[in-house]
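Here is what each chain is made of, one letter per residue.
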Amino acid sequence: MTASRPYPAPYTPWAMRQTWQELLFMHWPVPVSKLRSLIPAALELDTFEGQAWIGVVPFRMSDVYPLGAFAVSGLSAFAELNVRTYVIRDGKPGVWFFSLDAANPVAVQIARSWFKLPYFYAEMACRRMWAHDSFEIAYASRRLHRGAGVAEFEARYSPIGPVFMAQPSTLEYFLTARYCLYTMDRQGAVLRGEIDHAPWPLQVAQAQVTRNTMTRWLGIDLDSIPVLHYADRLDVVVWPLRKVKG
């Protein structure tokens, strides 16, 4: 999988594998000035031709388990919805998560502890609906996490074009070809988590969104038409978090 990456994957053993399914990338351009104050100073906001972006990404997780283990019923499969932007540190572009909602309370607690990420428990549903030879995904999420603000999402979406692989230097590649995430520990140190996967099997998508308040707590209203891409399945491996030097 190295050929699709902008830099080599770690040579150490990965820690966890996951499968991402029925995923919709929804992306909106956002002024840099709106996002810069929301990102730690130790990270640089990554932009495409001077433009920052924010993404809302609903999907379904399956076969989630650590190296040397196996899938566990009730724990290894659940719906997830993340809100993200893009940052860069030491030449490595990655993802910064504002929130990750998941429909499994145990997985939420593990992810908050092990991966230092802002996971929230939510009531969620993700269902594939067929009509003749085509389908659409019906997705709904309502955050229930104690002490967290209201965040809801409801939409139906589907692919409308052939599968393609994003090419370097394109907007599609910038928005999707991310091979690490960044977060912070309680002492304010930057942590990087490496991931690896094949190139995204992207399709142009359509969506009917009936409710989306996922970024309201950030003071950002997503009222313009988003850039939409669909991916039906991608297998992923994840490495443990490592403190970034400097």
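Notes on the structure in this doc start here. Remember, predicted model here, so these are calculated numbers, not experimental data.

Tallying each qualifying case throughout the model produces 15 salt bridges. The partner of arginine 5 in a salt bridge is glutamate 194, with the nearest N and O atoms 3.8 Å apart. Of this pair, arginine 5 sits in the segment before strand E1 (16–30) while glutamate 194 is found in strand E10 (residues 190–197), placing the two residues 189 residues apart along the sequence. Judged by its relative accessible area of 9%, glutamate 194 is buried. Taking the shortest distance from any N to any O, the salt bridge between arginine 156 and glutamate 136 comes out at 3.0 Å. Placement of arginine 156 in strand E8 (residues 152–159) and of glutamate 136 in strand E7 (residues 134–143) is noted, with a sequence separation of 20 residues between them. Taken together, the shared-partner salt bridges in this structure form one network comprising Arg5, Lys92, Glu194 and Asp196.

Now for helix H2 (residues 105–114). Of all the positions in H2, only Ala107, Val108 and Ala111 are classed as buried. The buried residues of H2 all sit within an arc of 105° when viewed along its axis, so they share a single face. Packed against the buried residues of H2 are strand E4 (78–89), strand E5 (92–102) and strand E6 (119–131). Phi for lysine 116, located one or two positions after H2, is positive at around 55°.

A few words now on the environment of glutamine 109. Of note, glutamine 109 is situated in helix H2. Residues glutamine 109 and phenylalanine 120, spaced eleven residues apart in sequence, show a C-alpha to C-alpha distance of 8.6 Å.

With respect to the secondary-structure elements, tryptophan 239 resides in strand E12 (residues 227–243). For the pair tryptophan 239 and glutamate 154, spaced 85 residues apart in the sequence, the C-alpha separation amounts to 32 Å. Beyond its immediate stretch of four places on either side in the chain, tryptophan 239 contacts Ala9, Pro10, Thr12, Pro13, Trp14, Ala15, Phe115, Gly193, Glu194, Ile195 and Asp196. Within the structure, tryptophan 239 has its side chain in polar contact with the backbone oxygen of threonine 12 (distance 2.6 Å). Polar contacts involving the side chain of tryptophan 239 include one to the main-chain carbonyl oxygen of proline 13, which spans 3.4 Å.

What follows deals with the packing of aromatic side chains. For the structure on display, the rule yields nine aromatic pairs. Relative to phenylalanine 153, the ring of tyrosine 139 has its centre 6.3 Å away and its plane inclined at 70°; by these criteria the two rings are edge-to-face. Residue tyrosine 139 is found in strand E7, and its partner phenylalanine 153 is found in strand E8; the two are separated by 14 residues along the sequence. Grouping residues by exposure puts tyrosine 139 and phenylalanine 153 together as buried. Residues tyrosine 157 and tyrosine 230 carry aromatic rings whose centres are separated by 6.3 Å and whose planes lie at 50° to one another, so their mutual orientation is tilted. Taken as a pair, tyrosine 157 in strand E8 and tyrosine 230 in strand E12 lie far apart in primary sequence, 73 residues in all. We note that tyrosine 157, like tyrosine 230, is buried. An aromatic cluster is present here, built from Trp20, Phe25, Phe59 and Trp200 joined pairwise through their rings. Residue placement shows arginine 178 over the ring face of phenylalanine 174; its charged tip is 4.5 Å from the ring centre.

Thresholds, definitions, all that
- Residues take numbers from 1 onward in each chain, read along the sequence in its written order.
- Per-residue local features are limited, in this predicted model, to residues with pLDDT of at least 70; the limit for side-chain atom pairs, both in listing and counting, is 80 or more; totals at the level of whole chains, interfaces and linings are taken over all residues.
- Side-chain measures were taken over the full set of non-hydrogen atoms in the model, leaving aside hydrogen atoms and water.
- Only one rule defines a salt bridge in this text: a Lys or Arg side-chain nitrogen within 4 Å of an Asp or Glu carboxyl oxygen.
- Secondary structure follows DSSP: runs of H or I at least 4 residues long count as helices, runs of E at least 2 residues long count as strands, and numbering of each begins at the N terminus.
- Think of it in three bands: residues with accessible area under 20% of the maximum for their type are buried, residues over 50% are exposed, and the middle band is partly exposed, with areas taken using a 1.4 Å probe on protein chains only.
- Working note: the arc is built from the helix axis to C-beta atom directions.
- When checking whether two residues touch, look at their non-hydrogen atoms; a contact exists if any pair is within 4.5 Å.
- Any pair of N or O atoms that falls within 3.5 Å is considered a polar contact. Within protein, one atom must be able to donate a hydrogen and the other to accept it, and sequence-neighbouring residues count only if both atoms are side-chain atoms.
- Here the aromatic set is Phe, Tyr and Trp, taking the six-membered ring for Trp, and pairing holds for ring centres within 6.5 Å; pairs whose planes are under 30 degrees apart are stacked, those over 60 apart are edge-to-face, and all others are tilted.
- Two conditions define a charge located above a ring, namely a distance within 6 Å from the ring centre to NZ of Lys or CZ of Arg, and an angle within 35 degrees of the ring normal.

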